[in-house]
Amino acid sequence: MPELPEVEVTRRRLESALVGKMVTQVLRRVAKLRLPVSAELTEILPGMTIRGIERRGKYLLFDCCKGWLLIHLGMTGFLRLISSGTPPGKHDHVDFIFNDDHLLRYHDPRKFGIITWFTGDPLQHPLLAEIGPEPLTAAFDGSYLYAAAKKRKVSVKQLLMNSSVVAGVGNIYANEALFRARILPSRAAETLTPLECTDLAGIICKVLEKSISEGVKSCVAEETVAYYPQTFSVYGRGGKLCYVCGDSLDEIKLGSRSTVFCSNCQK
DNA sequence: AGAATTACCTGAGCGC
DNA sequence: TGCGCTCAGGTAATTC
């Protein structure tokens, strides 16, 4: 599923392909994803030029000069950049056709994504306004994390996955970062020491940045997809052997989310 | 306010 | 073969 790195890789690819290009047509095949797909998009967007593409957490923000196109990929969504005229397949819900004969196609089997239109400061949009600091900025550091964790009884992993605490960290990277920081996911957030918070914040940055650079390297000509091959230390490896100590990895549920860790390496 | 729970959605995998 | 069940999980809304 697309998390911050996948969204960032998508953003960079789309930015280099679409900035300065004009939308000529929007085709909407479903009325509703997780939220209604703004009906006015088909009438408003044609004629508009993409000035830039930003990212906030897992949201892509297309600057259309007169307003913003906000896209969230949900669980299973991805965007592809293909030739216009390519016939749509199953779950190809929305097409954005550009004046250079490119087609940006939104595909999402589970329809957990969001496509909406907003005028004004996109950061003030209700969906974005409460999101915590970006993990790859100076605003997210050990002292911030320590303050956020203090007096919180939820598990560290659930704290990291709370988007109002830090933007864009989902299940995969929460599992991976905690493994690398040697911290048990089930630990109450309030038990983290300042030193552990500094360590963890730095590791979160590293894990995300490494994934982004892998995604950039794997860039396939033409097609823009949110997914790229990656290897994880613990995510999806419950019952398999820890790469560090060789013990078998444990898998539990935290907040109904699959959580994998090494009880030998993580304390 | 924080924590826990529910809802949204479809394909994959499984037991029978 | 196919039915019914569970699971995957981001995040908003709802409830406690």
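You'll find the structure just up there.
This is a predicted model, so every value here is computed, not measured.

Q: Sorry if this is basic, but what is going on with the overall build of chain A here?
A: Regarding its fold elements, chain A presents seven helices and ten strands. Its C-alpha radius of gyration of 20 Å places chain A within 12% of the 18 Å reference for a compact globule of 267 residues. Based on the C-alpha atoms only, the size of chain A along its principal axes is roughly 55 × 35 × 30 Å. Within the span of chain A, comprising 267 residues, buried residues form 37% of the whole.

Q: Before we go on, may I ask you to explain the protein's contact with DNA strand C in this structure?
A: Taken together, 16 residues lie around DNA strand C, and Lys58, Met75, Gly170, Asn171 and Ser258 are the ones closest in. Of the residues that constitute the surface near DNA strand C, the class distribution is five nonpolar, seven polar and four charged.

Q: Whenever I open this one, helix H4 (residues 142–149) confuses me. Can you help?
A: The α-helix winds at 3.6 residues per turn, so residues separated by three or four positions along the chain end up facing the same way. Within the span of H4, buried status applies to Leu145, Ala148 and Ala149. One side of H4 carries all its buried residues, which in axial view fall inside an arc of 95°. Of the exposed residues in H4, the ones pointing more than 90 degrees away from its buried face are Ser143 and Ala147. The inward-facing, buried residues of H4 abut helix H5 (156–160) and helix H7 (194–217). Positioned one or two residues after H4, Lys151 has a phi angle of 65°, which is positive.

Q: Mind showing me how you'd approach the environment of Asp108 here?
A: Relative to the assigned elements, Asp108 resides in the loop between strand E7 (102–107) and strand E8 (114–118). The spatial distance from the C-alpha of Asp108 to the C-alpha of Glu54 is 21 Å, given a sequence separation of 54 residues.

Q: Where do I start with the pairing of strand E2 (residues 52–56) in this structure?
A: Pairing geometry for E2 and strand E3 (residues 59–63), over five bridges, is antiparallel. Looking at E3, one finds that Arg56 is bridged to Tyr59.

Q: Please clarify how helix H1 (residues 4–18) should be interpreted in this entry.
A: Over its 15 residues, H1 extends 20 Å from the first C-alpha to the last, a length consistent with the 21 Å expected when each residue adds 1.5 Å. Taken together, the buried positions of H1 are occupied by Leu4, Pro5, Glu6, Val7, Glu8, Val9, Thr10, Arg11, Arg13 and Leu18. Buried residues along H1 sit against E2, E3, strand E5 (78–83), strand E6 (92–98) and H7. Just past H1, the residue Gly20 takes up positive phi, approximately 90°.

Q: Looking at this model, I keep getting lost on the sheet that holds E2. Mind explaining?
A: Strand order in the open sheet formed by four strands is E2-E3-E4-E8, with antiparallel pairing between adjacent strands. If you trace the sheet from one side to the other, it starts and ends with E2 and E8, each paired once. Neighbour-to-neighbour, the strand axes of the sheet open up by a mean angle of 20°, direction not taken into account. Where E3 meets strand E4 (residues 68–72), five bridges bridge the pair, whose relative direction is antiparallel.

Q: What should I look at first to understand the environment of Lys32 in this one?
A: Position of Lys32 relative to the elements: it lies in the loop between strand E1 (23–28) and helix H2 (41–44). What makes Lys32 exposed here is the crowd of 9 C-beta atoms within 10 Å. Sequence spacing of Lys32 and Thr10 is 22 residues, and the spatial spacing of their C-alpha atoms is 23 Å.

Q: Which parts of the structure should I look at to understand the nonpolar core?
A: Core analysis: the largest hydrophobic core is formed by 65 residues, its most contacted members being Phe62, Leu160, Val169, Ala177, Leu178, Leu200 and Phe261. Excluding its chain neighbours within four sequence positions, the residues that come into contact with Leu160 are Val165, Val166, Val169 and Ala174.

Q: Would you explain the sheet that holds E6 in this entry?
A: Sheets are built from strands paired through backbone hydrogen bonds, the pairs being either parallel or antiparallel. Overall, antiparallel pairing links the four strands, which are arranged E1-E6-E7-E5 in an open sheet. The strands lining the two open edges of the sheet, one partner per strand, are E1 and E5. Across the sheet, the axes of successive neighbouring strands diverge by a mean angle of 20°, strand direction being ignored. Two elements, E1 and E6, share five bridges in a ladder whose sense is antiparallel. If you follow Leu27 over to E6, its bridge partner there is Asp95. Helix-sheet contacts for H1 involve E5, E6 and E7, and the interaxial angle to E5 is about 30°.

Q: How should I be thinking about the pairing of strand E10 (residues 257–261) in this particular structure?
A: Residues in a regular strand project their side chains so that they alternate between the two faces of the sheet. Examined bridge by bridge, strand E9 (residues 250–254) and E10 share five bridges and lie antiparallel to one another. Pairing of Glu251 across the sheet is with Val260, part of E10. Between E9 and E10, which pair antiparallel in sequence order, lie two residues; one of them, Gly255, sits at a positive phi of approximately 60°.

The rules we used
Residues numbered from 1 in each chain as written. Chains lettered and ligands numbered in written order. Predicted model: local features only at pLDDT ≥ 70, side-chain atom pairs only at ≥ 80, totals over all residues. Helix = DSSP H or I, 4+ residues; strand = E, 2+ residues; numbered from the N terminus. Rg over C-alpha atoms; globule rule 2.2 N^0.38 Å. Buried ≥ 20, exposed ≤ 12 C-beta atoms within 10 Å, placed from the backbone. Near = placed C-beta within 6 Å. Nonpolar A, V, L, I, M, F, W, Y, C, P; charged D, E, K, R; others polar. Arc of directions from axis to C-beta. Contact = placed C-beta atoms within 7 Å. Pairing = 2+ DSSP bridges. Expected span 1.5 Å × (residues − 1). Axes fitted to C-alpha atoms, helices over the stretch in contact; angles between N-to-C directions. Core = buried A, V, L, I, M, F, W, Y, C linked by C-beta atoms within 7 Å.

So, to be careful, I would describe these as geometric facts and stop short of saying anything about function.
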